[in-house]
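Take a look at the letters that make up each chain.
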Amino acid sequence: MKKNLISIIILALLVVNIVLTAIMMFSVTGAANKTAALVDNIATALNLELTAQTGEGADAVNVPMEETEVYTIPESMTISLKPDEDGTPHFCMISSVGFSINIKDKAYKTYGSDLTAQVTLIQDAINSVFAQYTMEEARANEAEIKKQILKEVQELFDSEFIFNVAFSGTMYQ
């Protein structure tokens, strides 16, 4: 009889333990879900703040990499900059200029990825934008120059299938 009584007490404690564990799991799960939602909200707010600092905003185009093609102007460009206040002429040399192209855009069917026929027009747009800046201004405002070049090229093609401009090997003299 003594062994049966101990077995019944152990079984009762086991059932109480399972019930209390289940209650604790439900209460912890609810708190964990609320914490996860709070972390998601904070991450979203921080992501918005980071994109606002980098200059990307509502007008930024998000195109997946599998829908992106890059056209690079193969030759380097030497561009005359606006003279300084003392009249000293300066130049900018860019090793290559790359344009990110959205292959899902309807204008891609018209122009395609090969823009070699329009390279002279594109280079003229790049030259005209850089010619508005002195050497110091060009160094300080490279992101603004890229935005202006992008705007000029989009106006040239009357389309936004080109959505980004990138420079490599920029040197000023």
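Residues numbered from 1 in each chain as written. Predicted model: local features only at pLDDT ≥ 70, side-chain atom pairs only at ≥ 80, totals over all residues. Heavy atoms only, no water.

## Let's talk about the environment of Glu85
Then comes step 1: Structurally, Glu85 is set in the loop between strand S2 (77-80) and strand S3 (91-102).
Then comes step 2: Remark: the alpha-carbon pair of Glu85 and Thr134, spanning 49 residues in sequence, is separated by 8.9 Å. (Helix = DSSP H or I, 4+ residues; strand = E, 2+ residues; numbered from the N terminus.)

## Re helix H3 (residues 119-130)
Then comes step 1: Along its 12 residues, H3 runs 16 Å from first to last C-alpha, staying within 8% of the 16 Å computed at 1.5 Å per residue.
Then comes step 2: Buried within H3 we find Val119, Ile122, Gln123, Ala125, Ile126, Val129 and Phe130. One side of H3 holds all its buried residues, which, seen down the axis, span an arc of 155 degrees. Relative to its buried face, H3 has exposed residues pointing more than 90 degrees away, namely Thr120 and Asp124. (Expected span 1.5 Å × (residues − 1). Buried < 20%, exposed > 50% of the residue type's maximum accessible area, 1.4 Å probe, protein only. Arc of directions from axis to C-beta.)

## A closer look at the packing of aromatic side chains
Then comes step 1: One pass over the full model with this rule turns up 2 aromatic pairs.
Then comes step 2: Between Phe130 and Phe167, the ring centres sit 5.7 Å apart and the planes meet at 45 degrees, which makes this aromatic pair tilted. One end of the pair, Phe130, is in helix H3; the other, Phe167, is in strand S4 (residues 162-172), and 37 residues separate them in sequence. The pair Phe130 / Phe167 is uniform in exposure class, with both members buried.
Then comes step 3: An angle of 80 degrees between the planes, with centres 5.6 Å apart, marks the rings of Phe157 and Phe161 as edge-to-face. Side by side, Phe157 and Phe161 carry an identical accessibility label, which is buried. (Phe/Tyr/Trp six-rings, centres within 6.5 Å; stacked < 30°, edge-to-face > 60°.)

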